[in-house]
Amino acid sequence: MTARTLPVIACLLLLALLRPAVANAELAVGDPAPDFELQASDGKTYRLADFRGEQPVVLAWFPRAFTSGCTVECKSLARSGEELRRFDVSYFMASTDPVDKNMAFAEETEADFPLLSDPEGKVARAYGVYTMGFAKRHTFYIDREGRIAYIDRSVRPSTSAEDMIARLETLGVPRQ
């Protein structure tokens, strides 16, 4: 190595380190929501494209099934299912757990809504929530046209259902 090649190597290393951050650029309100096709705890496969033009979607990412915060969040949404279903919206929790683990988690928490599985983290990366094999606890509110209407990056597991209901009202999502 010469004195001339050292700065070039340093620049290449810096670019290599920054590349993942650029690839996972944060989404913002108004951006098109990344499409997905994921298996769910109810045995179905869901595609965001199927809701476009039809119904808003809430996608609540959570880190890991069977952990304390995720259990609290899932149970909060399950307890408030009747009130959430009054809105003209489809809502999901999603994680990088395999589908069989999310099926067991849904059963244990009595989730009356689908838990989506993204075991390779491809969709989590597209949403900018993938970190060290897990998903960050962020909730995306997606309008009928497939655009992000709001992103909650400060989800509180114990009040997640109440917060979701309040946000749906603020966004003007109609009731059924």
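For the structure itself, consult the block above.
Residues numbered from 1 in each chain as written. Predicted model: local features only at pLDDT ≥ 70, side-chain atom pairs only at ≥ 80, totals over all residues. Heavy atoms only, no water.

### Regarding the side chain of R137
Inclusion rule: Every helix listed is a DSSP run of H or I at least four residues long, and every strand listed is a run of E at least two residues long, numbered separately from the N terminus. Any residue under 20% of the maximum accessible area for its type is buried, any over 50% is exposed, and the rest in between are partly exposed; the area is computed with a 1.4 Å probe on protein chains only. Nitrogen and oxygen atoms within 3.5 Å of one another constitute a polar contact, given that in protein one can donate a hydrogen and the other can accept it, and given that sequence-neighbouring residues count only through two side-chain atoms. Working rule for contacts: check all heavy atoms of both residues, and any pair within 4.5 Å makes them a contact.
Structurally, R137 can be placed in the loop between β7 (134-135) and β8 (139-142). Among the residues examined, R137 registers a relative accessible area of 18% and is labelled buried. Of note is the side chain of R137, whose polar atom sits 2.6 Å from the side chain of E73. Those residues within four positions of R137 in sequence are excluded, and the remaining contacts are W61, F62, P63, G69, C70, E73, D152, R153, V155 and P157.

### As for the nonpolar core
Keep this limit in mind: What we call a nonpolar core is a set of buried Ala, Val, Leu, Ile, Met, Phe, Trp, Tyr and Cys residues that are connected through their side-chain atoms within 4.5 Å.
Ranked by size, the top nonpolar core spans 24 residues in total, and within it M93, F113, L115, M164 and L168 carry the most contacts. Of all the secondary-structure elements, those providing two or more residues to this core are β3 (57-61), α2 (68-79), β4 (90-95), α4 (99-109) and α6 (160-170). Once residues lying within four places of it in the same chain are set aside, the contact partners of F113 are S41, C74, L77, A78, Y91 and M93.

### Things to note about α2
What counts here: Here a helix's expected span is defined as the number of its residues, less one, multiplied by 1.5 Å.
Counted at 1.5 Å a residue, the expected span for α2 with its twelve residues is 16 Å, and the 16 Å between its end C-alpha atoms agrees. Among the residues of α2, those classed as buried are C70, T71, E73, C74, S76, L77 and A78. On the buried face of α2, the contacting elements are β3, α3 (81-84), β4, α4, β5 (115-117) and α6.

### A word on empty space enclosed by the protein
Defined as follows: Each cavity reported here is a set of points on a 1 Å grid over the protein atoms alone in which a 1.4 Å probe fits but cannot get out, each pocket an open set with protein on both sides within 12 Å along at least five of seven lines, and each lining residue one with an atom within 4 Å of a point. Grid points are joined across faces, edges and corners, and a volume is the space filled by probe spheres set on the points. In the scheme used here, Gly and all other residues not listed as nonpolar or charged are polar, with Ala, Val, Leu, Ile, Met, Phe, Trp, Tyr, Cys and Pro taken as nonpolar and Asp, Glu, Lys and Arg as charged.
Per the stated rule, a full pass over the model turns up one cavity of 30 Å³ or more. Counted as a void, the largest cavity has a volume near 60 Å³. Lining the largest cavity are A60, E73, T139, Y141, D152, V155, R156, S160, D163 and M164. When residues of the lining of the largest cavity are traced back to their parent elements, those giving at least two are β8 and α6. The greatest single-element share of the lining of the largest cavity, amounting to three residues, is contributed by α6. Taken together, the residues of the lining of the largest cavity break down into four nonpolar, two polar and four charged.

### Considerations on α6
The condition is simple: This arc is built from the directions going out from the helix axis to the C-beta atoms.
Three or more residues of α6 are buried, namely S160, A161, M164, I165 and L168. The buried residues of α6 occupy one face: seen down the axis, they fall within an arc of 135°. Buried residues belonging to α6 abut β3, α2, α3, β4 and β8. Once α6 ends, the next one or two residues include G172, with phi positive near 75°.

### With respect to the sheet that holds β3
Backbone-to-backbone hydrogen bonds join strands into a sheet, with any given pair of strands oriented parallel or antiparallel. Our working rule: By this definition, two strands are paired if DSSP reports at least two bridges between them. For helices, the fitted line uses only the C-alpha atoms of the stretch in contact; every axis is such a line through C-alpha atoms, and the angle between N-to-C directions lies from 0 to 180 degrees.
Taken in spatial order, the seven strands of this open sheet run β2-β1-β5-β4-β3-β8-β9, and their pairing is mixed. This sheet does not close on itself; its edge strands, each paired only once, are β2 (45-47) and β9 (148-152). Ignoring strand direction, the axes of neighbouring strands in this sheet form an average angle of 30°. Here β8 runs beside β9; their pairing, made up of four bridges, is antiparallel. Residue pairing for β9: I142 is matched across the bridge by I148. α6 rests against β3, β4, β8 and β9 of the sheet, and its axis sits at about 25° to β8.

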